[in-house]
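Structural description and commentary
The chain contents come next:
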Amino acid sequence: MKIASWNVNSLKVRLPHLTQWLADAQPDIVALQETKLEDGKFPVDELAAVGYRAVFSGQKTYNGVAILTREQTCGAPSDIVTDIPGLDDPQRRILAATVGDLRVVDLYVVNGKAVGDEKYAYKLDWLAKVRDFLEDELVRHPQLIVLGDFNICPDDRDVYDPIAWGEDILCSPPERAGLQAITALGLHDSFRLFEADAGHFSWWDYRQAGFRRNLGLRIDLILISDTLKSIAKAATIDREPRRWERPSDHTPVLLELDTK
């Protein structure tokens, strides 16, 4: 089974990119972030035409998350959650669904703007509340996958210039501690199960030829529970869509599980 996450940075703009990529990669489950669409405008029919069901939680212009499942290989998503206990937030950043034996939690983590900003404080509080939610989810769903745009570089290997970034937003110790509190529940960064080296990124700034010069960050993650760690087969970053015309600034990240 192939599972993916992709911040598409506007599904309205990038629907052709998504449908092409789905046809090429044929993932079984895809978590999307920054769909930037109200629910009534989500392209259900277009995705059904290429073989995917969708559940989604969106808003106009900003944020928005969705989970796609391939009809040929997956049952319909069930037990949908869009709001979690203790977090009263109109921003659409969280979506959980059960797909077969898997529990999938799609996150578009708050950016935080700048260290010390009120949005930064909100990010840390948001992470703490999500951590509490995931603790309960893991008890109920041992086969748990938590994936999405985390807006946090796990460590310095995930930053093209750790000295220049220092302890700025996305790299600050409190943000990393918030992520570590989540992984400490018993979740594993699937990419690091297979690749220990630095220099592998999932986001590149549109400016300063960031992609061509590989001035990137790895902030798109697929975390998996202990139960799934034992059947993880491969984890990759697909750079190809970042080369396409009018690309998202993120590119898909993938995990393959041996479910035989």
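Keep in mind that this is a model prediction, so the values were computed, not measured.

The rules behind the values
- Note on numbering: residues in each chain are counted from 1, in written sequence order.
- With pLDDT at 70 or above as the cut-off, local features in this predicted model cover only qualifying residues; side-chain atom pairs require 80 or more to be listed or tallied, and sums for whole chains, interfaces and linings still use all residues.
- Values shown for side chains rest on all heavy atoms present in the structure; no hydrogens or waters enter the calculation.
- Exposure is judged per residue with a 1.4 Å probe applied to protein chains only, and the accessible area is read against the type maximum: over 50% gives exposed, under 20% gives buried, and values in between give partly exposed.
- Secondary structure elements are taken from DSSP: a helix is a run of H or I of four residues or more, a strand is a run of E of two residues or more, and numbering for both begins at the N terminus.
- This arc corresponds to the set of directions leading from the helix axis out to the C-beta atoms.
- Contact definition: two residues touch when any of their heavy atoms are within 4.5 Å.
- Definition of a polar contact: a pair of N or O atoms within 3.5 Å, with one able to donate and the other able to accept a hydrogen when the atoms are protein atoms, and with sequence-neighbouring residues admitted only if both atoms are side-chain atoms.
- Between 30 and 60 degrees the pair is tilted, below 30 it is stacked and above 60 it is edge-to-face, where a pair is any two Phe, Tyr or Trp rings, Trp via its six-membered ring, whose centres lie within 6.5 Å.

Things to note about helix H5 (residues 173-183)
Within an α-helix, residues lying three or four positions from one another point in the same direction, as the helix has 3.6 residues per turn. Every buried residue of H5 is listed here: Glu-175, Arg-176, Gly-178, Leu-179 and Ile-182. Angular distribution of buried residues about the axis of H5 spans 155°; they occupy a single face of the element. On the buried face of H5, the contacting elements are helix H3 (118-140), strand E9 (187-189) and strand E12 (220-225).

Some remarks on the side chain of Asn-63
Mapped onto the secondary structure, Asn-63 falls in the loop between strand E3 (52-57) and strand E4 (65-70). Look at Asn-63 and you get buried, because its relative accessible area is 7%. Here the side chain of Asn-63 touches Arg-93 through a polar contact of 3.2 Å, side chain to side chain. Ignoring any residue separated from it by four or fewer positions in sequence, one finds Asn-63 in contact with Glu-34, Thr-35, Lys-36, Gln-91, Arg-92, Arg-93 and Tyr-108.

Details of the packing of aromatic side chains
One pass over the full model with this rule turns up 4 aromatic pairs. Pairing Trp-6 with Trp-21 gives two aromatic rings, centres 5.5 Å apart and planes at 65°, and the pair type is edge-to-face. Highlighted residues: Trp-6 in strand E1 (residues 2-7) and Trp-21 in helix H1 (residues 11-25), separated in sequence by 15 residues. Ring centres of Phe-42 and Phe-56 lie 4.1 Å apart, and the angle between their planes is 10°; this geometry places the pair in the stacked category. Of this pair, Phe-42 sits in the loop between strand E2 (29-33) and helix H2 (44-49) while Phe-56 sits in strand E3; the two residues are 14 residues apart in sequence, bridging distant segments of the chain.

Describing unusual backbone geometry
Backbone geometry at Gln-26 places phi at a positive 50°, although glycine is not the residue there. You will see that Ala-209, though not glycine, has its phi angle at about 50°, which is positive. Examined against the element boundaries, Ala-209 turns out to sit in the loop between strand E10 (203-204) and strand E11 (216-217).

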